Amino acid sequence: MRIYLDHAATTPLLPGAGEAWQVAARTVGNASATHSWGREARRITEESRERIAAALGAHSGEVVFTSGATEADNLAVLGMAEARRQADPQLNRVLISAVEHPAVRLGAAELAARGFEVTELPVDSQGLLRLGVLSDALRRNPKGIALLSCLWVNNEMGAIAPIPEIAALADSYGIPLHSDAVQAVGLPSITFAAATLPGLSGLSISAHKIGGPMGIGALLIRRDAPIVPLTYGGGQERRIRSGTVPVALIAAFAAALDEVVLKRELQYESLRQLRNTLSDGLTALGANVIGPAHPNHQAPHILYAIFPGVSAETLLMLLDQAGIAASAGSACSAGVIQPSETLLAMGYTPQDALSGVRFSLGWTNTPTDITTLLQLLPDLLTRASSV
Ligand SMILES: Cc1ncc(COP(=O)(O)O)c(C=O)c1O
């Protein structure tokens, strides 16, 4: 038996994406070359770029390919803040939410080392950045803000931030907003359309979280948004991200995104039902399912549960032995399990955080996966709490 419940870490490749990769991988040629081979590689790249842009309501000129979302987040946070400070040395403050992915949080830490003042905006016990918190912070000290970065969907709890409202608020202060939307692509409401969200300047996405291959992602960035590159070379991707573009990965990324967007409403509903069943079952077993209760604020593919008195590390090992993949909300650093920063920011104790498991659902899951998990869990929980 194999049940994969770690889709937020990476999602199995969609067959259509694999096929698109195979076809494009046969193309010989560097998309920057002027001969016919190069032109063919460029055609595939540009058609894929247009499909990716269209899927997210963006303009194709706004898509900058990167190696994944870590690079997209770094590029946005460092590149945008540095560009703003270069234009005006007074712009030396950066605001981020307290539950950012390390790709943003540590990018901001690097900015702090370079002399920026970085402020983490607190979240509530559901993991949500409340609009009032942001508006108070902006009203108190609106000056010198180079950038605001806020995760769209939290990768540990699945809390959905009110990005449209945050973007409008940031825009009213003339502050560019970047959002890591890696876990938000399955939301029917997500868009990068300038007409809908003029205050949103940058958006990070990653292919392997949506059924595409690993090693490709994108930063969607407005054409007039200030940004400096982090790497220097051949000047590809509007000189923002030099390096030969990986044509086959890009073709597969476009195929995956097309499929996700096409099936988004149906998938959203079926994941929501699976999550509800799982949530009810876990609660009945004494687990504390955390995060927003309201479906408008909770992504359907992520469920984080604290099992009081249980070692998450042991439970994950037992689940793995039983053929079930899930993950801890805790990061493993230098061989030591650390309590999740996100959970601590939400007001939970380190002990809670070490008893927490994230189940994340995706296109391969069926209702049987959930019932099987719920049948196995009572025994595994007993074994994980007795050690
Ligand atoms: C919210 C979020 N941002 C960024 C990343 C990093 O993405 P990538 O693996 O494409 O570098 C992840 C993946 O764990 C994520 O969940």
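None of these values were measured; they are calculated from a predicted model.

A. How the structure looks around the overall build of the protein chain. A tally of helices and strands in the protein chain yields 12 helices and 15 strands. For 387 residues, the compact-globule estimate of 2.2 N^0.38 gives 21 Å, and the C-alpha radius of gyration of the protein chain, at 21 Å, lies within 12% of that figure. Projected onto its principal axes, the C-alpha coordinates of the protein chain cover approximately 65 × 55 × 40 Å. Per-residue burial over the protein chain gives 51% buried out of 387 residues. Residue pairs in contact within the protein chain that sit at least 24 positions apart in sequence constitute 74% of those at least 6 positions apart.

B. Highlighting the nonpolar core. One finds V94, A161, A251, A252, F253, A256 and L315 to be the most contacted residues of the largest nonpolar core, which totals 130 residues. Counting residues per element, this core draws most heavily on helix α7 (residues 247-262), which supplies 13 residues. Domain assignment of the residues forming this core places at least three in each of domain 1 (3-11 + 264-385) and domain 2 (15-261). When residues no more than four places from it in sequence are discounted, the contact partners of A256 are L14, A17, A207, I210, G211 and G212.

C. Geometry of the domain arrangement of the protein chain. If you check the domain split of the protein chain, you get domain 1 (3-11 + 264-385) and domain 2 (15-261). In this assembly, 24 residues from domain 1 lie in contact with 27 residues from domain 2. Listed by contribution, the elements that provide at least two residues to the side of domain 1 that touches domain 2 are α8 (264-284), β10 (302-306) and α10 (341-345). Among the residues making up the side of domain 1 that touches domain 2, the classes are represented as 10 nonpolar, 11 polar and three charged.

D. Spatial organisation of the site of the ligand. The ligand sits among G68, A69, T70, D73, H101, A103, N155, D180, V182, Q183, S206 and G217. For the shell around the ligand, the element with the most residues is helix α3 (residues 69-87), which contributes three residues. Across the shell around the ligand, the residue classes break down as three nonpolar, seven polar and two charged.

E. The arrangement of the sheet that holds strand β3 (residues 93-97) in detail. Spatially, β2-β8-β7-β6-β5-β3-β4 is the arrangement adopted by the seven strands of the open sheet, whose pairing is mixed. A strand with exactly one partner marks an edge of an open sheet, and here the two such strands are β2 (63-66) and β4 (117-121). Here the strands of the sheet are splayed against their neighbours by 20 degrees on average, with no regard to which way each runs. Taken together, the two bridges between strand β5 (residues 145-149) and strand β6 (residues 177-180) define a ladder with parallel strand orientation.

F. How the structure looks around the pairing of strand β7 (residues 200-206). Buried residues dominate β7, accounting for seven of its seven residues. Pairing geometry for β6 and β7, over four bridges, is parallel. Bridge pairing in β7 links L177 to L200. Of the strand pairs in this sheet, β7 and strand β8 (residues 217-221) are connected by five bridges, and their pairing is antiparallel. Among the inter-strand pairings, S206 is bridged to a residue of β8, identified as G217.

G. Geometry of the packing of α3 against helix α4 (residues 102-113). Put simply, α3 and α4 touch, their axes get as near as 9 Å, and they point 30 degrees apart. Judged by the sense of rotation from one axis to the other, the crossing of α3 with α4 is right-handed. For the pair α3 and α4, the contacting residues are A69, T70, D73, N74, V77, L78 and A81 in the first and A103, V104, G107, A108, E110 and L111 in the second.

Thresholds applied
Residues numbered from 1 in each chain as written. Predicted model: local features only at pLDDT ≥ 70, side-chain atom pairs only at ≥ 80, totals over all residues. Helix = DSSP H or I, 4+ residues; strand = E, 2+ residues; numbered from the N terminus. Rg over C-alpha atoms; globule rule 2.2 N^0.38 Å. Buried ≥ 20, exposed ≤ 12 C-beta atoms within 10 Å, placed from the backbone. Contact = placed C-beta atoms within 7 Å. Core = buried A, V, L, I, M, F, W, Y, C linked by C-beta atoms within 7 Å. Domains from an automatic or database assignment. Nonpolar A, V, L, I, M, F, W, Y, C, P; charged D, E, K, R; others polar. Near = placed C-beta within 6 Å. Pairing = 2+ DSSP bridges. Axes fitted to C-alpha atoms, helices over the stretch in contact; angles between N-to-C directions. Left-handed = near helix turned anticlockwise from the far one by under 90°.

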